[in-house]
Amino acid sequence: MTTTPQEHLVDWLRDAHAMEQQAEAMLEAQAERLDNYPQLRERIRQHIDETRWQRAQLESCLERHGASPSTMKDLTGKLMAFGQGLGGMLATDEVVKGAMAGYVFENLEIASYTALMVAAEAAGDDLTLDACRKILAQEHAMAAWLLEHLPETTGAFLSRSATPGVTASH
C-alpha cells in the first residue's frame, strides 16, 4: 500500500497542530511563573501569540485539504505539556531548565516545519508551503533568541540563587 505526499502532508499538519497545542500550554505555564525574569517572560508571551497564529494557519491548511486537527494528537500534546509543567514547578533551577527545554523544543519545531515544507512542495500545495515558511521563520527567531539569552538567564539565576532570601527558580 502506498501513501501519497498529500496524505503525509495532512498527517504531518495534524502532528504540527498538536505540537503547537503542546507548545502553547508549555509556554503559558512557564510564563505564569517567571516573575523574576521579565525579559524572558515577555518574549515567551510574544511567542504564545505567534504560536496561536501558527495553530490557526495549520487549521486553515488542514481545512483546505478537507481535514481537521486530530483530537487524540492534540490531547496527547496537552497532556505532555501538563506533565512538563508539573515537573518544572518542582525544579529549583526551573528557569534555566525551562530555557534549555524551550530551545530544544524550538529546534524540534524547526525540523518539523522543514519536513512539512518538503511535503507541501511535493503535494503541490503552495499555500501550505508559504504558511510553513512564515512559521519556520518565527521558530528560528525564537530559538535564536533563547540561545542568545541563555547566558544572561543563567547568570541571573546564579546570582539570585546565591543571594539569601531571594527566589531564583522563577
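Scroll up for the structure.
Now for a description of the structure that goes with this document.

What counts and how
Residues numbered from 1 in each chain as written. Predicted model: local features only at pLDDT ≥ 70, side-chain atom pairs only at ≥ 80, totals over all residues. Heavy atoms only, no water. Helix = DSSP H or I, 4+ residues; strand = E, 2+ residues; numbered from the N terminus. Buried < 20%, exposed > 50% of the residue type's maximum accessible area, 1.4 Å probe, protein only. Contact = heavy atoms within 4.5 Å. Areas by Shrake-Rupley, 256 points an atom, 1.4 Å probe, with all protein chains shown as cover. Axes fitted to C-alpha atoms, helices over the stretch in contact; angles between N-to-C directions. Parallel < 35°, antiparallel > 145°, perpendicular 65-115°, else oblique. Left-handed = near helix turned anticlockwise from the far one by under 90°. Disulfide = S-S within 2.5 Å. Expected span 1.5 Å × (residues − 1). Core = buried A, V, L, I, M, F, W, Y, C linked by side-chain atoms within 4.5 Å. Salt bridge = Lys/Arg side-chain N within 4 Å of Asp/Glu carboxyl O.

### Here we look at the overall build of the protein
When helices and strands are tallied, the protein shows five helices and zero strands. Per-residue burial over the protein gives 44% buried out of 170 residues. Within the protein, residue pairs in contact and separated by at least 24 positions form 81% of the contacts whose partners lie at least 6 positions apart. Accessible surface for the protein amounts to roughly 8900 Å². Of this, 59% is attributable to carbon and sulfur atoms.

### Some words on the packing of helix α1 (residues 5-32) against helix α2 (residues 38-64)
Axis separation between α1 and α2 bottoms out at 9 Å; the angle between their running directions is 160°. The angle between the axes of α1 and α2 places the two elements in the roughly antiparallel class. When the axes of α1 and α2 are compared, the crossing they make is left-handed.

### Considerations on the environment of K97
Within the fold, K97 resides in helix α4 (residues 94-123). Residues K97 and T154, 57 residues apart in the sequence, show an inter-C-alpha distance of 9.4 Å.

### As for the state of the cysteines
The full count for this structure, using the stated rule, is zero disulfides. The thiol of C61 is unpaired, and the distance to the nearest cysteine sulfur, on C132, comes to 5.9 Å.

### Side note on α2
Between the first and last C-alpha of α2 there are 39 Å, a value that for 27 residues agrees with the 39 Å anticipated at 1.5 Å per step. In the segment just after α2, G66 is the residue with positive phi, at about 70°.

### Re the nonpolar core
Within the largest apolar cluster, 24 residues are counted, with the highest numbers of intra-cluster contacts made by L9, L13, A16, L58, Y113 and L116. Beyond its immediate chain neighbours, meaning those up to four positions away, L13 contacts L58, C61, L62, H65, L116 and T128. Counting residues in each nonpolar core, the second largest holds 13 residues, with V95, W145, L146 and F157 among its members.

### Let's talk about the pattern of salt bridges
Any two side chains of opposite charge can pair, so long as their charged atoms come close to each other. With the rule as written, the count across this model stands at nine salt bridges. The shortest N-O distance in the salt bridge between K134 and D130 comes to 3.1 Å. Of the two residues, K134 and D130 both sit in helix α5 (residues 126-161), four residues apart, roughly one turn of that helix. Classification of K134 as partly exposed rests on a relative accessible area of 45%. What makes D130 partly exposed here is its relative accessible area of 33%.

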